[in-house]
Amino acid sequence: MLNCSTTAVLIEPRALKTATVAMQSVERHTPNTTCFIWYHSVQNTQFVRALQIVQNLQRLGRVTLRIIPRRALDMASLYLGDERHVEQVMFMSMSFWNDMPTEVVLNFEADSILCTQLNPQSTLANFAQIGAPWPATKCVETRDLWKYMSEDYPSIFRCPWDGRVGNSGLSIRKRSWMLKAISACPSPYAGTEGSKRHTICRFRPENPWKQYTEEDVYFAAVLHALKAPLPSVHEASRFSWEFCDAILPAETPGGAKWSTSDLAFAPLKPVGFHGLDKANLKVSTRAGVECGARAKDFEGKCPGITQVFGKMDWCFTTGGQRSVITLNQVSQKYEKINVPPGWSVGSSRFNKRVWLEAAPV
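The structure displayed is predicted, hence computed values, not measured ones.

Before going further, it helps to spend a moment on the pairing of strand E4 (residues 104–108). One face of the sheet, then the other: side chains in a regular strand alternate in exactly this way. Counting buried residues in E4 gives five out of five residues, a clear majority hidden from the surface. Residue alternation in E4 divides its side chains into two sets, Val104, Leu106 and Phe108 and Val105 and Asn107, and both sets are buried. Looking at chain direction, strand E1 (residues 6–11) and E4 are connected through three bridges and run parallel. Bridge pairing in E4 places alanine 8 opposite leucine 106. Two strands pair when backbone bridges link them, and E4 and strand E7 (residues 167–174) are joined in this way by five bridges, in the antiparallel orientation.

Structure representation (structure tokens):
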């Protein structure tokens, strides 16, 4: 690959049609100096090579196909219990980032899509990483992970505002900062290049939560501790959405409340989306329901979005009546619930449950 300004990376060992749509959206909405690397498996090699988008990019010298390293698969199986988590291992490896041909790296997954033009070399490249912001509760998780990794190294997390940027499924990262983070807090995945000297913490896959820690949460914690340049939730929401309630927090660090109509904070049109589904679009505020309605507006404006996420009709407003779609715990079917005036919508992402709450009198 020659004269590349940005590297767009996809790690996908499966034969997924949505990966094709995601790749097409990135090619369509980024400069022609964006080059691609697809890490794939032996099993889906034929599928990848037969794709028209891959063949077109190959003719232009803009794509490289790489087999996922066997070592990464073995590490994922050993530490995470499943080879399907191989991207967690790869992103936390020194060799992975050393193999990136450019400083700016755009990571996208099969459940992501770009809807508007993106120049990764713009002001977004000033950040160590940027991705869809997480809900406010993520700050506690990131802070606790940092405390565990650093063995009570002084915490500098201000919850609920810090440690919430961001999700790696659609993200822009700077190679140099990823290498600094891995060197400062190496893990078993780091590889032989990782130095054990001059570290501020150590990542241990076996944690008290009895589950693997996602690499983007790891980077959010370490980069914040290193005082890397990171975007605010506001800035990240202009780039990508994943959770509606993540971009409409109850208050700002200064204590000012955001109104439900504050479109400056909840932009109508982010550059892209990642992982939108029925669970992620269930929200905890009236403003969040309106946020879901805006996401649905993209159905006719973002080519391919319904191919990636399905029809976005689970969180919407019609004729002034706010509604949500929720999973009936008895029938296990999704049902529409009309939200009465003055009521808010509570939600749980993990058990896909929605409830209604009366507004305080």
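Okay, the state of the cysteines next. Within this structure, the stated rule accounts for two disulfides. Residue pairing for cysteine 4: its cysteine sulfur links by disulfide to cysteine 35, the two sulfurs lying 1.9 Å apart. Looking down the S-S bond of the cysteine 4 and cysteine 35 bridge, the torsion is -80°, so its handedness is left-handed. Of this pair, cysteine 4 sits in the segment before E1 while cysteine 35 sits in strand E2 (residues 34–40), placing them 31 residues apart in sequence.

Read from one edge of the open sheet, six strands run E3-E2-E1-E4-E7-E6, paired in mixed fashion. Single-partner strands in this sheet number two, and they are strand E3 (63–67) and strand E6 (129–132). Strand-to-strand twist across the sheet, computed as the mean angle between neighbouring axes with direction ignored, equals 20°. Bridge analysis of E1 against E2 gives six bridges, and the strand direction is parallel. The residue bridging threonine 7 from the neighbouring strand is cysteine 35, located in E2. Contacts between helix H1 (residues 17–29) and the sheet are confined to E1, E2, E3 and E4, with E2 contributing the most and set at about 165° to the helix. Set on the sheet, helix H8 (residues 175–184) makes contact with E6 and E7; between it and E7 the angle comes to about 100°.

About the cut-offs
Residues numbered from 1 in each chain as written. Predicted model: local features only at pLDDT ≥ 70, side-chain atom pairs only at ≥ 80, totals over all residues. Heavy atoms only, no water. Buried < 20%, exposed > 50% of the residue type's maximum accessible area, 1.4 Å probe, protein only. Helix = DSSP H or I, 4+ residues; strand = E, 2+ residues; numbered from the N terminus. Pairing = 2+ DSSP bridges. Disulfide = S-S within 2.5 Å. Axes fitted to C-alpha atoms, helices over the stretch in contact; angles between N-to-C directions. Contact = heavy atoms within 4.5 Å.

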